[in-house]
Amino acid sequence: MPDLLPVPDMLIGQRFDAGLSKMMGISRSKAASLIDGRQVKILGKETDKSCRLAANDIIELSLEERKEKREPVSKLLKTVYEDDDIIVVDKPAGVAAHASNGWEGPTVLGTLLARGVKISDCGAVGRQGIVSRLDVGTSGLMLVCKSDLAYREMRRQFSQHEVTKIYHAVTQGNLAQDKATIEAPIGRDRVSDFRFAVIEDGKPSVTHWDVLERFGEATLASVNLETGRTHQIRVHFSSISHPLAGDSMYGANPQMSARLGLSRQWLHSTSLSFVHPRTGKIVNVSCEYPEDLSCALNILRGKREIQR
């Protein structure tokens, strides 16, 4: 028996695929796929994914299909800031920004939609509302746009490098300088295309860093990105022979990673500062380190005290 779902009043006027993604807590691309495959339709109407939902529409789908297509959600994703235009979350490691080929775990977008958060329809299908991302293995602050106005303005701010986004990172080894800039172009690795590397014809990439603490065998640094390339911090520090602790993809020492209890890179998006797209006021948001990174840091601090 098909499942019949009345369209909620709040979704009237929205595109079929966008409305379905919100109702089912799935990505917009998955919703579009269900509609294109005729597995979901509007009762008594000839429709496609771009048609607009109307009052009194009834969506027809199988309960089995709905269960099969529902994305897993993250119970650990925390909301740090929210208003009518923007939501900033503290993303745990192991959660992707959005759905993608080959990824079957929870996503920020899917989790927010499942919680009933209204997200802007602007952006690529399955990535709506997202103007910046974090790697799956990187934790910390990530901003998602709830209104179309916020999406347009925050996308502009990020592209013009007007948003201040500070990361904290633990690098292997003792960084030679207290403050420096790495300026080196980044592109896909020519041997392993799932990795990135400093290459001559890559995209311009600039990373600024300041030392916060030194442990001899490792360094805690505050990092500010002038550009936002994929894996930028990880690639840049690896390129100067100081890979991030725990980052096996970019050369971290596995013995050190095991001793620190790290199963991913020590990298956390710790603070975010931007101009609110509607009010024009400065918004400052911050978050603490998660438990795995705090524990690793305490181990390094403990060893430093013993050495003294």
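Quick notes on the rules
Residues numbered from 1 in each chain as written. Predicted model: local features only at pLDDT ≥ 70, side-chain atom pairs only at ≥ 80, totals over all residues. Heavy atoms only, no water. Buried < 20%, exposed > 50% of the residue type's maximum accessible area, 1.4 Å probe, protein only. Helix = DSSP H or I, 4+ residues; strand = E, 2+ residues; numbered from the N terminus. Arc of directions from axis to C-beta. Phe/Tyr/Trp six-rings, centres within 6.5 Å; stacked < 30°, edge-to-face > 60°. Pairing = 2+ DSSP bridges. Core = buried A, V, L, I, M, F, W, Y, C linked by side-chain atoms within 4.5 Å. Contact = heavy atoms within 4.5 Å. Axes fitted to C-alpha atoms, helices over the stretch in contact; angles between N-to-C directions. Parallel < 35°, antiparallel > 145°, perpendicular 65-115°, else oblique. Left-handed = near helix turned anticlockwise from the far one by under 90°. Salt bridge = Lys/Arg side-chain N within 4 Å of Asp/Glu carboxyl O.

Chemist: Sorry, what's going on with helix 2 (residues 28–36) here?
Modeler: In an α-helix, one turn spans 3.6 residues; hence positions three or four apart end up facing the same way. Listing the buried residues of helix 2 in full gives Arg28, Ala31, Ala32, Leu34 and Ile35. Buried residues of helix 2, seen end-on, are gathered within an arc of 160° and therefore sit on one face of the element. The positive-phi residue at the C-terminal boundary of helix 2 is Arg38, with phi of around 60°.

Chemist: I'm lost on the packing of aromatic side chains in this one. Help?
Modeler: What describes a pair of aromatic rings is the distance from one ring centre to the other and the angle between the planes of the rings. By the definition in use, this model includes two aromatic pairs. Ring geometry for Trp209 versus Phe237: centroids 6.1 Å apart, planes at 50°, classification tilted. On the criterion of sequence distance, the pair formed by Trp209 in strand 11 (residues 206–214) and Phe237 in helix 6 (residues 232–239) is long-range, its members being 28 residues apart. As far as the burial class goes, Trp209 and Phe237 line up, both buried. With a centroid separation of 5.0 Å and an interplanar angle of 75°, the aromatic rings of Trp266 and Tyr289 are classed as edge-to-face. Of this pair, Trp266 sits in the loop between helix 7 (254–260) and strand 13 (267–275) while Tyr289 sits in the loop between strand 14 (282–286) and helix 8 (291–307); the two residues are 23 residues apart in sequence, bridging distant segments of the chain. A residue is classified by how much of its surface remains accessible, and Trp266, at 0% relative accessible area, is buried. Since its relative accessible area comes to 23%, Tyr289 is described here as partly exposed.

Chemist: I'm lost on the environment of Gly116 in this one. Help?
Modeler: Within the element layout of this structure, Gly116 appears in the loop between helix 4 (108–114) and strand 6 (139–145). The exposure class assigned to Gly116 is exposed, which follows from its relative accessible area of 56%. The spacing of Gly116 and Lys165 is 49 residues in sequence and 27 Å in space, taken between C-alpha atoms.

Chemist: In this structure, what is going on with the pairing of strand 12 (residues 218–225)? I would like to understand it.
Modeler: Regular strands place side chains that alternate from one sheet face to the opposite one. Counting buried residues in strand 12 gives seven out of eight residues, a clear majority hidden from the surface. Of the pairings in the sheet, the one linking strand 7 (residues 164–172) to strand 12 comprises seven bridges and is antiparallel in character. Paired with Ala169 across the two strands is Ala221, which belongs to strand 12. Where strand 11 folds back onto strand 12 in an antiparallel hairpin, the turn is made up of three residues, including Gly216, whose phi is positive at roughly 85°.

Chemist: Can you help me understand the nonpolar core in this one?
Modeler: Nonpolar side chains in soluble globular proteins tend to be buried together. The biggest cluster of nonpolar side chains holds 29 residues, and the ones touching the most others in it are Val108, Leu112, Met142, Trp209, Val223, Ile233 and Phe237. Breaking this core down by element, the ones donating at least two residues are strand 5 (86–91), helix 4, strand 6, strand 7, strand 8 (179–183), strand 11, strand 12 and helix 6. Looking at which element gives the most residues to this core, the answer is helix 4, with four residues. Each residue touching Leu112, except ones within four places of it in the same chain, is listed here: Leu77, Ile87, Val89, Val117, Ile119 and Val144.

Chemist: Can you walk me through the pairing of strand 6 in this structure?
Modeler: Here strand 6 lies mainly inside the structure; seven of its seven residues are buried. When strand 6 meets strand 13, the two strands line up parallel, connected through two bridges. In the strand pairing of strand 13, Ser139 is matched with His268.

Chemist: Got a minute to help me understand the environment of Val108 in this structure?
Modeler: Residue position: Val108 is located in helix 4. Look at Val108 and you get buried, because its relative accessible area is 0%. Taking the C-alpha atoms as reference points, Val108 and Asp90, 18 residues apart in sequence, are found 9.7 Å from one another.

Chemist: Please explain the packing of helix 1 (residues 16–24) against helix 2 as it appears in this structure.
Modeler: Interaxial distance between helix 1 and helix 2 falls to 8 Å at its minimum, and their mutual angle equals 115°. The orientation of helix 1 relative to helix 2 falls into the category roughly perpendicular. Crossing of helix 1 over helix 2 shows right-handed handedness. On the side of helix 1, the interface is formed by Phe16, Asp17, Ala18, Leu20, Ser21 and Met24, while helix 2 contributes Arg28, Ala31, Ala32, Leu34 and Ile35.

Chemist: Looking at this structure, how should I read the pattern of salt bridges?
Modeler: Between side chains of opposite charge, a pair can form as their charged atoms come close. Scanning the entire structure with this criterion turns up 17 salt bridges. A salt bridge links Glu162 to Arg156; the nearest nitrogen and oxygen atoms lie 2.9 Å apart. Relative accessible area serves as the criterion here: at 41%, Glu162 is assigned to the partly exposed category. Judged by its relative accessible area of 34%, Arg156 falls in the partly exposed class. The closest approach of N and O atoms between Glu213 and Arg301, which form a salt bridge, is 2.4 Å.

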